[in-house]
Amino acid sequence: MTELLTIRNLGVAYGGLLAVDDVELVIHANEVMGLIGPNGAGKTTTIDAICGFIPHAVGTIALGGQAIQQLAPHERARSGLVRTFQSVELFDDLTVRENLVVAAQAPRWYSLVFDAVRPNRARSFTAVDRAIELTEIAALSTLRPNELSHGQRRIVGVARALAASPALVLLDEPAAGLDPQETERLGALIHRLPSEGIGVLLVDHDMALVLEVCDRITVLDFGRVIASGTPDEIRSNDVVIAAYLGSSSE
Amino acid sequence: MSYIENALSGLQGGAVIAALAIGLVLTFRASNVINLAHGAIGMYSAYVYFGLRNFKLASTELGGDLVLPIIGAPSKVHLLDRPTASSAFLVAIAIAIGLGALLYGFVFRPLRSAPPLARVVASLGVFLYLQSVMNVRVKEIGAGALSLQLESLLPQGVVRIGSAKVPTAAFALAGLVIACAVALGVLFRFTRFGLATRAAAEQERGAILTGISPNRLGVFNWMLASGLAGVSVILITGVQQKIDPTETSLLIVPALAAALLGRLDGFGLTTVAGLAIGMTQGAVSWFQLRASLPSWMPNGGLAQAVPLIVILAAISLRGSSLPNRAALLERQLPESPVPKHPVLWTSLLFVGATVALFTLDAQWRLAIVVSIIAGFIGLASVVVTGYVGQISLAQYAFAGLAAFGTAKLAIQGLPFPFAPIVAIAITVFVGILMGLPAVRVRGMTLAVATIAAAVAIEQLVFASSSLTGLESPPRPRLFGIDLGFTATGDNNFRAAFGMLALVLLCAAIIVVANLRRSATGLRWLAVRGNERAAAAAGIDVSRTKLSAFAVSALLAGIGGSLLAYESPSLSSQQFMVVGALAVLALCYLGGIASISGALMAGVLASGGVLTQLQGGNTGNASSYQFAVSGLLLVVVAVLYPDGVIAGLRNAITRWSKHAGKNTPTAGTQSTRVAS
Ligand SMILES: Nc1ncnc2c1ncn2[C@@H]1O[C@H](COP(=O)(O)OP(=O)(O)O)[C@@H](O)[C@H]1O
Ligand SMILES: [Mg+2]
């Protein structure tokens, strides 16, 4: 198996607090990796650091063997590392489809001039159409984010990430606030992504979902990796039960 | 060693900068607004003081008249008989304090959590109002700057340090402001009031927990800040023997630099920064006076550029190209509707304006051209502020660059289309250059940085002696057609030039509409909405903002080039930052996020179509025009913090919801909630 994302010695400090401490994480192509841990364990901070949102993060991050820690967030996104946000964060001024279109298209140096003259020139939106199809949001495409339900907004957030043609999507609590049917559909979608050539890093508190769709799971506590393995190994790991499953019933 | 002498004398300016900066910190912490009118408050109370003293050195023969800054009211009322310096001083400070309380209560407290643009616009409104109403008053009461003999309340004399002679007043002022800073530091560190204010700056609830109402805190901080502004401006105007409604109000610019250096928090660093800026300005002005400067260096205004350099440095050190996770998402700008039928509307505008240009008289043709040029500045604001959410106040400075560039190049012999093209290209280049640091800051801080940039361009370029009083360029000609604006008699303000301006404006409208509808426009709005999410979606936020700065500079540049051919001669007065404030404000009235807002700004602009409709430029009404638009701005910002158009739209939504209750078709209504 080829290593898609390789993280070594990842660290993030906020003042004296080590939010992420010496994290090692390898995600293979065509794999769904779970990242779990109690609130404040450093999951979101890990995603922030991987995607370049924390300039002072230390450690090495390689995507497909290429070191990317010098790249800006948008460059990491364009090279295939695309995230969603725990708080969704859609573009409220754009329709659902437009939300996906901006993620799908990287501008060229001449775009400004072309757009000024021919705003509607033919562009292929296969990535957008595919993302809409996968997430089954065709009915929403002309609506604006503030016309959507919470669950719909979350799915659109995932769709926007998929529209960017990612090699790896990093989903930050995509199932938070979804109803059981929506969660089930999301699970099916995540399960399907590896066959579309997309790796997944899934952060979520819904243990049923995580244990079901993930190939492997990494457990964080106080910024450190305390366990890593298949869902079965994690389920029966005493350290994990003590630190997380047992103490928190989320 | 006379540059040391100059630097030390600069302490007196530095002390005022520091005092005003301390006031900015106070009001910012109390109400989350960078009060751009802070210098204007000090300016007004100085006029109150010198008005009571009748602008005469120690004269108690006359005086006792209070200058009223109220449109429609008499210019002054008699308040005291034979006021002494101290009674006049007390009255002036009391009035400054009262003004601060009024502004907080009626303007800035209601706007505490309004969008930053509303807060900027409101404080611009207050600035414009005070500044322009006092400009009118000064003429009425015969206090033009030349005739004044202002009394200084500070010790006269000089102190000798080695061979340097430094006015005692410089040390007195610096000592006063340092004492103030220390006193405030003690007050804020050790009293319940201070703790509560600091807690309130973090979070309103924090203050409530300490048991002091945030309103009482706010008003007290505003009174403190305004009183301090009054004291410091009265003292410095007395020392420098110079007071002017506009110039004195613009003391705010270096004060902003000092406050930004102090991170708008804490008095120590702010005070040191203020004093240091003053001393640097003093030292720089000494270098300026020496003839040995290389000829390419601007000979005027270098000292005024110091704050800009300071602000840029502060931004580069402190800013970041993305806001951090903890940063509150500021409330949005008004909705930006997609232009529906731009070609149709632009054609209608073209036909209407063409008919007007060829049938109406010369004054009308002039008014139309003035409106078209203001429309360009408006479009520039709509792109950068409305579409991308970056509050920029440098549009007029860019227009000025292009205007002076065009005139200079054309006079030196570059033929017609090339002189403006080169000048506009240079303007776009400068726009991008200014954008490079500007992409690292946002909201209020960006507004401040662009004001500083505008003032610096104004002082460095427009005030330079090789440009002032520049004649208008030779008549533009294209393919043998005379496109010049002036002619003799009734033919003056020729329609041919109007058509040139109109064609360019229509093209610009189509281009802006196209950009808004294209992928570029989507990226602009995405960045405006959420920079972090935009970066996560693969959008290069800095480059996206830069593209908007470039387009904006291009539009302002075209407007400026037209202005070069329109005006009989160019002066730096035409491009004062105040003008840019007015246009931004007018766009805000019309809807900053739509093209119609820009066109509305053009119509409303001073000397434009609306002025002509009201009876032309001859009436007395226009002397109050800035003051009225300032007042209007404040009122609109308070009543409709999201802009008039958004306010109307919300009202319509509410009305239709209300009506919808009675009809069974309610289900088809938009469920969109006004945010
Ligand atoms: N910008 C920040 N400044 C200071 N501390 C932070 C910041 N962001 C996160 N933290 C801290 O880092 C730790 C990890 O947070 P986070 O990654 O959000 O946890 P999780 O997503 O696992 O719930 C928490 O203790 C949090 O308080
Ligand atoms: Mg989290």
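On a predicted model such as this, the values are computed, not experimentally measured, just so you know.

**Notes on the sheet that holds strand β7 (residues 168-172) of chain A**
Residue and element names in this part refer to chain A. Taken together, six strands build an open sheet; the order of strands is β6-β7-β8-β3-β9-β10 and the sheet is mixed. In this open sheet, the two edge strands, each paired with only one partner strand, are β6 (81-83) and β10 (224-229). Across the sheet, the axes of successive neighbouring strands diverge by a mean angle of 20°, strand direction being ignored. Across five bridges, strand β9 (residues 216-221) lies against β10 in antiparallel orientation. Within β10, the residue paired with I217 across the bridge is G229. Each of β6 and β7 is contacted by helix α6 (residues 150-163), which is oriented at about 160° to β7, the strand it contacts most.

**Some remarks on the coordination of the magnesium ion (ligand 2)**
Residue and element names in this part refer to chain A. Those donors, T44 (OG1) and Q86 (OE1), are the protein atoms that reach the magnesium ion (ligand 2), and they lie 2.0 to 2.3 Å from it. Taken together, the residues T44 in helix α1 (residues 43-50) and Q86 in the loop between β6 and α3 (96-104) connect sequence positions 42 residues apart. Overall, the relative accessible area of 12% leaves T44 in the buried class. Judged by its relative accessible area of 33%, Q86 is partly exposed.

**With respect to the pairing of strand β3 (residues 32-36) of chain A**
All names here are of chain A. In terms of burial, β3 is largely enclosed, as five of its five residues are buried. As paired strands, β3 and strand β8 (residues 199-203) are joined by four bridges and run parallel to one another. Across the sheet, the residue bridging to V32 is V200, located in β8. For β3 and β9, the ladder comprises four bridges, and the chain directions are parallel. Directly across from L35, in β9, lies its bridge partner T218.

**Thoughts on empty space enclosed by the protein**
Counted according to the given criterion, the structure contains five cavities of 30 Å³ or more. If you add up the space inside the largest cavity, you get close to 110 Å³. Lining the largest cavity are 17 residues, and of these T84, F85, V88, G157 and V158 of chain A sit closest to its centre. Elements with a contribution of two residues or more to the lining of the largest cavity: β6 and α6 of chain A together with α20 (531-536) of chain B. Ranked by residues supplied to the lining of the largest cavity, first place goes to α6 of chain A with six residues. Of the residues belonging to the lining of the largest cavity, the class tally is nine nonpolar, two polar and six charged.

**A few points about the domain arrangement of chain A**
Many analyses report the size of an interface as the accessible area lost when the parts associate. Residue and element names in this part refer to chain A. Assigned domains within chain A: domain 1 (1-80 + 166-178 + 199-250) and domain 2 (86-164). For domain 1 versus domain 2, the separation of C-alpha centres amounts to 26 Å. Taken together, the contact between domain 1 and domain 2 spans eleven residues of the former and 14 residues of the latter. With both chains or domains summed, domain 1 and domain 2 bury close to 950 Å², and 55% of this area falls on carbon and sulfur atoms. Viewed at the interface, domain 2 and domain 1 are joined by zero salt bridges. The interface formed by domain 1 and domain 2 holds six residue pairs in polar contact (both at pLDDT 80 or more) in total. Take the side of domain 1 that touches domain 2: its biggest share by element is three residues, from β7. When its residues are assigned to classes, the side of domain 1 that touches domain 2 shows six nonpolar, two polar and three charged.

**Points about the pattern of salt bridges**
Opposite charge on two side chains permits pairing when their charged atoms draw close. All names here are of chain A. Summed over all chains, the structure comprises 14 salt bridges over all chains. D129 serves as the salt-bridge partner of R97, at 3.1 Å between the closest nitrogen and oxygen. With R97 in helix α3 and D129 in helix α5 (residues 126-135), the pair connects residues that are 32 residues apart, well separated along the chain. What makes D129 partly exposed here is its relative accessible area of 37%. The salt bridge involving R235 is made with D232; its shortest N-O contact spans 3.5 Å. Residue R235 and its partner D232 are both found in helix α9 (residues 231-235); the two are separated by three residues, about one turn of the helix. Residue classification places D232 among the exposed positions, given a relative accessible area of 55%.

**Observations concerning helix α3 (residues 85-108) of chain B**
Owing to its 3.6 residues per turn, the α-helix aligns residues three or four sequence positions apart on the same side. Helix length check: α3 of chain B, at 24 residues, gives a terminal C-alpha distance of 32 Å against a target of 34 Å (1.5 Å per residue), a fit within 8%. Within the sequence span of α3 of chain B, burial applies to A88, V91, A92, I93, A96, L99, G100, L103, Y104, V107 and F108 of chain B.

**A short note on the packing of aromatic side chains**
Here the structure, examined in full by the defined rule, presents eight aromatic pairs over all chains. Here the aromatic rings of F416 of chain B and Y565 of chain B are separated by 5.7 Å at their centres, their planes lie at 75°, and the arrangement is edge-to-face. Separated by 149 residues along the polypeptide, F416 of chain B in the loop between α15 (395-411) and α16 (418-438) and Y565 of chain B in helix α21 (residues 541-566) bring together distant segments of the chain. In this structure, F416 of chain B and Y565 of chain B share a single accessibility class: buried. One aromatic cluster is present, formed by Y49, F50 and F89 of chain B through successive ring pairs. The aromatic ring of F91 of chain A is capped on one face by R160 of chain A, whose charged end is 4.5 Å from the ring centroid. A cation over a ring is seen here: R29 of chain B above F188 of chain B, with NZ or CZ 4.8 Å from the ring centre.

**Re the sheet that holds strand β4 (residues 58-63) of chain A**
All names here are of chain A. With respect to topology, four strands assemble into an open sheet ordered β2-β1-β4-β5, the strand pairing being antiparallel. Edge strands, defined here as strands with exactly one partner in the open sheet, are β2 (17-28) and β5 (66-67). Judged from the five bridges that link them, strand β1 (residues 3-14) and β4 form a sheet pairing that is antiparallel. Bridge assignment links R8 to a residue of β4, and that residue is T60. Relative to the sheet, α1 contacts β1, β2 and β4, its axis offset from that of β1 by approximately 115°.

Thresholds applied
- Residues numbered from 1 in each chain as written.
- Chains lettered and ligands numbered in written order.
- Predicted model: local features only at pLDDT ≥ 70, side-chain atom pairs only at ≥ 80, totals over all residues.
- Heavy atoms only, no water.
- Pairing = 2+ DSSP bridges.
- Helix = DSSP H or I, 4+ residues; strand = E, 2+ residues; numbered from the N terminus.
- Axes fitted to C-alpha atoms, helices over the stretch in contact; angles between N-to-C directions.
- Contact = heavy atoms within 4.5 Å.
- Donors = N, O, S within 2.8 Å, 3.2 Å for Na, K, Ca; no water.
- Buried < 20%, exposed > 50% of the residue type's maximum accessible area, 1.4 Å probe, protein only.
- 1 Å grid on protein atoms, 1.4 Å probe; cavity = no way out; pocket = protein on both sides within 12 Å on 5 of 7 lines; lining within 4 Å.
- Points joined across faces, edges and corners; volume = space filled by probe spheres on them.
- Nonpolar A, V, L, I, M, F, W, Y, C, P; charged D, E, K, R; others polar.
- Domains from an automatic or database assignment.
- Buried area = accessible area lost by both parts, 1.4 Å probe.
- Salt bridge = Lys/Arg side-chain N within 4 Å of Asp/Glu carboxyl O.
- Polar contact = N/O pair within 3.5 Å; in protein donor to acceptor, adjacent residues only side chain to side chain.
- Expected span 1.5 Å × (residues − 1).
- Phe/Tyr/Trp six-rings, centres within 6.5 Å; stacked < 30°, edge-to-face > 60°.
- Lys NZ or Arg CZ within 6 Å of the ring centre and 35° of its normal.

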